[in-house]
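Chain and residue survey
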Amino acid sequence: MVRPTYAHIDLDAIRANFQAVLAHVGGPSGGVDVIAVVKANGYGHGAVPVARALEAAGVRMLACADIEEGVELRRGGVRAPILVFGALSVSDLDGVFRHDLTPTISSPFAARALHDAAARRGLRVRCHLKIDTGMNRLGFRYDNLASTVPVALAGAGLEIDAVYTHFATAEDPAHPLFDQQRERFDQALTTLSELGVRPRVRHAGNSGALLRDRATWFDAVRPGLLLYGVAPLAWAGRLSLKPAMTLHSRVVAVKGMRVGETAGYGAREAVTRATTVAIVPAGYADGLDVRLAGRGSVLVGGRRVSVVGSVCMDSITVDVTGLDVTPGDEVVLLGSQSGAVIGVAEVAATIGTVPHEILCRTGARIVRTYAAEPSPVSSRATP
Ligand SMILES: *Cc1c(COP(=O)(O)O)cnc(C)c1O
């Protein structure tokens, strides 16, 4: 049994988007590889099916947010190298060794913890060193590496295979921090080299940065969003992509509203004409943002129709006045239907958030279906 509201994931689209990014930056033969980001359950698309599709397409490294996500990928049969972005100090380091994950050293404390864990096992662990060039999140500060790095990396347990940074304002064309961060990263690489840290690989660019400026490419780029077929609004059009997720539902009821009546909680926004509405069994528990109340649109019969009144936990009400709509008709909440499109970037802009959030909030109870190889699966996302 499948609930009427479900997400269809087009793995062929994800593979095509991966190939499009590879072609854009040149690929391994051109000296720039792609580290594919599949954190947060593959941006809501299902981490394991997405990772396996990317593996089949030849991906050479995947990245996730924490050790637990890395372990889930390994348990799902993923064999490609997996970079873990997050801080290690609060995670179970055992997973790094047991599941052959590539950790990030993002603080002196994490470096010591990892070093000690490796030493206890008599192992050397390959890791990536993260430099904070202005995000003030994880990473060694760019401006005092000479005092922090030698202490943190003392001993034989850690091998720095790569060095990376992350941009805070890649999607904002006017923000000066972007170029400052790039310059600081260049400086950091020079300082590290003087300290004897000469990584095989340097990487910096997420989706926004890699589209914005080829100077961020270095030896590899780290797209997430682009793989799922969505570009940051500022740089849309620089790459041809195919959205991978379609969020479907079905009309469960059709009824009339009289002038002056309201729909949903709060009883806001009275209708000003006799209105025919359809009830769609998808609400904020499925990931629809409550700020779409009175503002969002969905597709029915290839037409855009608007949300009337509030977004409830399990349903929305949409205006289908004048359309031939009956219970059972297909509704598309995100994606395309008969040529009409509700885009992820559009929904994000409507409610004032980033497209990433729209994808990630696809609810845990939403069943994902996958048509393409490898191994079609239908899985309930693990929350
Ligand atoms: C999430 C993340 C990315 C991918 O960002 P997109 O904007 O989705 O391309 C890259 N690098 C790091 C460190 C991240 O946390």
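Residues numbered from 1 in each chain as written. Predicted model: local features only at pLDDT ≥ 70, side-chain atom pairs only at ≥ 80, totals over all residues. Heavy atoms only, no water.

Counting its regular elements, the protein contains 11 helices and 20 strands. Computed over the C-alpha atoms, the radius of gyration of the protein is 23 Å, within 12% of the 21 Å expected from 2.2 N^0.38 for a compact globule of 383 residues. Principal-axis analysis of the C-alpha atoms places the extent of the protein at approximately 75 × 45 × 40 Å. Split into buried and exposed, the 383 residues of the protein put 54% on the buried side. Taken as a whole, the protein presents about 16300 Å² of accessible surface, with 52% of it coming from carbon and sulfur. Averaging the locations of the 40 positively and 36 negatively charged side chains of the protein gives two centres separated by 1 Å. (Helix = DSSP H or I, 4+ residues; strand = E, 2+ residues; numbered from the N terminus. Rg over C-alpha atoms; globule rule 2.2 N^0.38 Å. Buried < 20%, exposed > 50% of the residue type's maximum accessible area, 1.4 Å probe, protein only. Areas by Shrake-Rupley, 256 points an atom, 1.4 Å probe, with all protein chains shown as cover. Lys, Arg positive; Asp, Glu negative; His and termini not counted. Charge placed at Lys NZ, Arg CZ, Asp CG, Glu CD.)

Relative to the assigned elements, Ala 215 resides in the loop between α9 (207-212) and β10 (220-221). You can call Ala 215 partly exposed: its relative accessible area is 35%. Separated by 11 residues in sequence, Ala 215 and Ala 204 place their C-alpha atoms 9.6 Å apart.

Counted by the stated rule, this structure contains 4 aromatic pairs. With centroids separated by 6.1 Å and ring planes inclined at 55°, the aromatic side chains of Phe 85 and Tyr 164 adopt a geometry described as tilted. Pair noted here: Phe 85 is in the loop between β4 (82-84) and α5 (94-98) and Tyr 164 is in strand β8 (residues 158-164), with a separation of 79 residues, a long-range link. The same class applies to Phe 85 as to Tyr 164, namely buried. A centroid spacing of 5.1 Å and a plane angle of 90° characterise the contact between Phe 185 and Phe 218, whose relative ring orientation is edge-to-face. (Phe/Tyr/Trp six-rings, centres within 6.5 Å; stacked < 30°, edge-to-face > 60°.)

Moving on to the nonpolar core. Formed by 122 residues in total, the largest nonpolar core has its most connected members in Leu 54, Leu 114 and Ile 131. Of all the elements, helix α1 (residues 11-25) adds the most residues to this core, at 7 residues. When residues of this core are assigned to domains, at least three fall in each of domain 1 (11-227) and domain 2 (245-352). What Leu 114 contacts, discounting residues up to four positions off in sequence, is Leu 88, Leu 93, Val 96, Phe 97, Pro 103, Ile 105, Val 125, Cys 127 and Leu 158. Counting 6 residues, the second-largest nonpolar core is a separate cluster that includes Met 257, Ala 263, Val 271 and Val 308. (Core = buried A, V, L, I, M, F, W, Y, C linked by side-chain atoms within 4.5 Å. Domains from an automatic or database assignment. Contact = heavy atoms within 4.5 Å.)

The subject of this paragraph is the pairing of strand β15 (residues 303-306). Looking at chain direction, strand β14 (residues 297-300) and β15 are connected through 4 bridges and run antiparallel. When the sheet's bridge partners are listed, Leu 299 is paired in β15 with Arg 304. Hairpin connection of β14 to β15: 2 residues between the antiparallel strands, including Gly 301 at a positive phi of 55°. (Pairing = 2+ DSSP bridges.)

What follows deals with the pairing of strand β16 (residues 316-319). Of the two faces of β16, the one carrying Ile 316 and Val 318 and the one carrying Thr 317 and Asp 319 are both buried. Two elements, strand β13 (residues 275-280) and β16, share 4 bridges in a ladder whose sense is antiparallel. For Ala 278, the partnering residue across the bridge sits in β16 and is Val 318.

This part is about the packing of α1 against helix α3 (residues 47-56). Between two packed helices, what matters for the description is the angle formed by their axes and the separation of those axes. Contact geometry for α1 and α3: axes closest at 9 Å, N-to-C directions at 50°. What the angle tells us is that α1 and α3 run oblique. Where α1 crosses over α3, the two elements pack in a sense that is right-handed. Packed against α1, whose contacting residues are Leu 11, Ile 14, Arg 15 and Phe 18, the element α3 presents Pro 49, Val 50, Ala 53, Leu 54 and Ala 56 at the interface. (Axes fitted to C-alpha atoms, helices over the stretch in contact; angles between N-to-C directions. Parallel < 35°, antiparallel > 145°, perpendicular 65-115°, else oblique. Left-handed = near helix turned anticlockwise from the far one by under 90°.)

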